[in-house]
Amino acid sequence: MAERRISSIDGKLAEEFAIPSHVEDVKEKMADFAMRHTEAGRRVVLITSGGTKVPLESRTVRFLDNFSSGRRGAASAEYFIESGYAVIFLHRHRSLYPYTRMFLTINMLDALQFKVTDGTAGNPSDVVVDQQMLPNIVKVLKQYQEVKEGGLLLPIEFNTLSEYLHLLKAAAQALHPIGSKAMFYLAAAVSDFYIPASEMPEHKIQSSNGPLQLSLNMVPKILSPLVKDWAPQAFVISFKLETDESILLDRACRALDTYRHQAVVANVLDSRRGQVVVVTPETQVELRLTEEEVQKGVEIEERIVSNLTSAHTKFINPVSLHLPET
Ligand code: PMT
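By the naming in an unreviewed UniProt entry, the chain goes by Phosphopantothenate--cysteine ligase and is assigned to Nothobranchius furzeri. According to the UniProt record, the Function (unreviewed entry) comment for the chain reads "Catalyzes the second step in the biosynthesis of coenzyme A from vitamin B5, where cysteine is conjugated to 4'-phosphopantothenate to form 4-phosphopantothenoylcysteine. Has a preference for ATP over CTP as a cosubstrate." Note on the chain: under the UniProt heading Sequence similarities (unreviewed entry), the record states "Belongs to the PPC synthetase family."

Here it is as structure tokens:
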């Protein structure tokens, strides 16, 4: 019964969601990346990050989107790298990106100046950075260059829901060979609804036809085949977002019950930057920043990553139970 459900999700993916032309190339890249780092003694985490776009027309003018900025995923990628992981960063195009995320609100041209030498300015080799405008730029640049040189971050972009679904499947299959050394950290806010290609109008929907009524289908729950079929030995973390705090933990427990993966990070929209609960089948651990920590710039992602990397270690090396000989 379970097998039939999984293969029907696979079939649905192939039939109703356009397969991106580069998916096989990307899969090979991810598999090589995972194997290289595993051989070097590193664990590999696949992070999903950002929202998804759901087109309303096949020659898309309009689409449905959601709030996710990608900050959770981008910040977590940095903390995973700091903890010794290699990171595959499956992110929505133009959502926040590790390291550069800190400078996104700054106009780069205001932060750069020509050095004035001999009373003249404008020599291209004399462009200097105003470090007050780009706080921590030297530290962040060093980190970024080390990460690049070490090949520790593999960025993969998606735009649409279809791309997300196929690339996540490809990632799961690419990481299958490294078994429990792989972690999936599914922080993306994925649309639950979509319009199948067969029901989508080709051209721009005309407002002259009057008010628009949409009927959307349910997106297949990809966690199911991911956990049971594509990467069954991996350490899998999903996220649960609610706006009503009173139902949050119940929904997180239900997800664990349904998908049988290792943990859910539960968060509420308004408090997500300072407070989450890591829910496992055995425990519920609240992680919360104090006002003082927030002022100092501590990020909740540092705590989430620390909690999950420890849990991943235990998952890979479960303490064996030695019973006394009788
Ligand atoms: O990006 P930020 O602005 O920093 O915000 C971070 C966040 C709030 C988006 C993040 O912390 C978060 O909670 N992400 C999950 C949002 C959510 O509620 O997801 P969901 O309940 O729709 O899905 C549950 C899980 O299954 C998620 O891990 C999701 O990535 C995954 N999923 C969902 C649907 C689907 N078709 N495939 C999936 O893999």
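Peer 1: Is there a simple way to think about the sheet that holds strand 4 (residues 86-92) in this case?
Peer 2: Hydrogen bonding along the main chain pairs the strands of a sheet, whether they run parallel or antiparallel. With mixed pairing, eight strands are arranged side by side in an open sheet as 7-4-1-8-11-12-13-14. Edge positions in the sheet fall to strand 7 (153-158) and strand 14 (284-288), since each has one partner strand and no second. Each neighbouring strand pair of the sheet contributes to a mean axis angle of 15 degrees, computed without reference to strand direction. Where strand 8 (residues 182-186) lies against strand 11 (residues 235-242), four bridges are found, and the strand directions are parallel. Note that in strand 11 the partner of phenylalanine 184 across the bridge is valine 236.

Peer 1: Explanation requested: helix 2 (residues 23-39) in the structure shown.
Peer 2: Note on helix geometry: an α-helix contains 3.6 residues per turn, so any two residues three or four positions apart are oriented the same way. Taking 1.5 Å per residue as the helical rise, helix 2 with its 17 residues ought to reach 24 Å, and the 24 Å between its terminal C-alpha atoms agrees with that figure. Among the residues of helix 2, those classed as buried are Val23, Val26, Met30, Phe33, Ala34, His37 and Thr38. Buried residues of helix 2, viewed axially, fall in a sector of 120 degrees; they line one side. Facing away from the buried side of helix 2 by more than 90 degrees, the exposed set consists of Glu24, Asp25, Glu28, Lys29 and Glu39. Looking at the buried residues of helix 2, the elements they touch are strand 1 (44-49), strand 4, strand 7 and helix 6 (161-175).

Peer 1: Would you mind showing me how to read the nonpolar core here?
Peer 2: The nonpolar side chains of a soluble globular protein tend to be buried, and buried together. Counting 51 residues, the largest nonpolar core has Met30, Ile88, Leu168, Leu175, Phe184 and Leu226 as its most contacted members. When residues in this core are grouped by element, the largest group, ten residues, is from helix 6. Contact partners of leucine 175, with chain neighbours within four places excluded, come to Met30, Ala34, Val44, Leu46, Ile88, Ala182 and Phe184. Ranked by size, the runner-up nonpolar core spans 37 residues in total, among them Ile47, Met183, Val265 and Val278.

Peer 1: What is the right way to look at the packing of helix 2 against helix 6 in this model?
Peer 2: When two helices pack together, their arrangement is captured by the angle between the axes and the distance separating the axes. The interhelical angle for the contact between helix 2 and helix 6, taken along N-to-C directions, is 35 degrees, at an axis separation of 8 Å. Between helix 2 and helix 6 lies a crossing whose hand is right-handed. Contacts from Val23, Val26, Lys27, Met30, Ala31 and Ala34 of helix 2 reach helix 6 at His166, Leu167, Ala170, Ala171, Gln173, Ala174 and Leu175. Residues belonging to the contact of helix 2 with helix 6 are distributed by class as follows: ten nonpolar, two polar and one charged.

Peer 1: What's the story with the pairing of strand 13 (residues 275-279) in this structure? I'm lost.
Peer 2: In the case of a regular strand, side chains alternate between the two sheet surfaces. Across the five residues that make up strand 13, a large majority, five, are buried. Side chains of strand 13 alternate between two faces, with Gln275, Val277 and Val279 and Val276 and Val278 buried alike. Taking the residues that link successive antiparallel strands as the turn, the strand 13-strand 14 hairpin has four residues.

Peer 1: Explanation requested: the environment of asparagine 267 in the structure shown.
Peer 2: Relative to the helices and strands, asparagine 267 resides in strand 12 (residues 263-268). For asparagine 267, a relative accessible area of 7% corresponds to the buried category. Separated by ten residues in the primary sequence, asparagine 267 and valine 277 place their C-alpha atoms 6.7 Å from one another. Apart from the residues within four sequence positions on either side, asparagine 267 is in contact with Arg72, Lys240, Leu241, Glu242, Leu248, Arg272, Gln275 and Val276. Within the local environment of asparagine 267, its side chain forms a polar contact with the side chain of arginine 72, the two groups lying 2.7 Å apart. A polar atom in the side chain of asparagine 267 sits 2.8 Å from the backbone oxygen of lysine 240.

Peer 1: Can you help me understand the UniProt feature "domain: DNA/pantothenate metabolism flavoprotein C-terminal" (unreviewed entry) in the chain in this one?
Peer 2: As recorded in UniProt, the sites labelled "domain: DNA/pantothenate metabolism flavoprotein C-terminal" (unreviewed entry) are residues 43-96 and 178-275. Across residues 43-96, the secondary structure splits into 22% helix and 31% strand, with the terminal C-alpha atoms separated by 23 Å.

Peer 1: For this particular structure, what's the right way to read the packing of aromatic side chains?
Peer 2: Two descriptors summarise a pair of aromatic rings, namely the distance from one centre to the other and the angle between the planes of the rings. Applying the stated rule across the entire model yields eight aromatic pairs. Relative to phenylalanine 239, the ring of tyrosine 185 has its centre 5.0 Å away and its plane inclined at 80 degrees; by these criteria the two rings are edge-to-face. Taken as a pair, tyrosine 185 in strand 8 and phenylalanine 239 in strand 11 lie far apart in primary sequence, 54 residues in all. In this structure tyrosine 185 comes out as buried when scored by relative accessible area, which is 0%. One Lys or Arg, lysine 53, reaches over the ring of phenylalanine 63 and ends 4.5 Å from the middle of that ring.

How each quantity is defined
- Residues numbered from 1 in each chain as written.
- Predicted model: local features only at pLDDT ≥ 70, side-chain atom pairs only at ≥ 80, totals over all residues.
- Heavy atoms only, no water.
- UniProt positions renumbered as here; feature names shortened; annotations may be inferred.
- Pairing = 2+ DSSP bridges.
- Helix = DSSP H or I, 4+ residues; strand = E, 2+ residues; numbered from the N terminus.
- Axes fitted to C-alpha atoms, helices over the stretch in contact; angles between N-to-C directions.
- Expected span 1.5 Å × (residues − 1).
- Buried < 20%, exposed > 50% of the residue type's maximum accessible area, 1.4 Å probe, protein only.
- Arc of directions from axis to C-beta.
- Contact = heavy atoms within 4.5 Å.
- Core = buried A, V, L, I, M, F, W, Y, C linked by side-chain atoms within 4.5 Å.
- Left-handed = near helix turned anticlockwise from the far one by under 90°.
- Nonpolar A, V, L, I, M, F, W, Y, C, P; charged D, E, K, R; others polar.
- Polar contact = N/O pair within 3.5 Å; in protein donor to acceptor, adjacent residues only side chain to side chain.
- Phe/Tyr/Trp six-rings, centres within 6.5 Å; stacked < 30°, edge-to-face > 60°.
- Lys NZ or Arg CZ within 6 Å of the ring centre and 35° of its normal.

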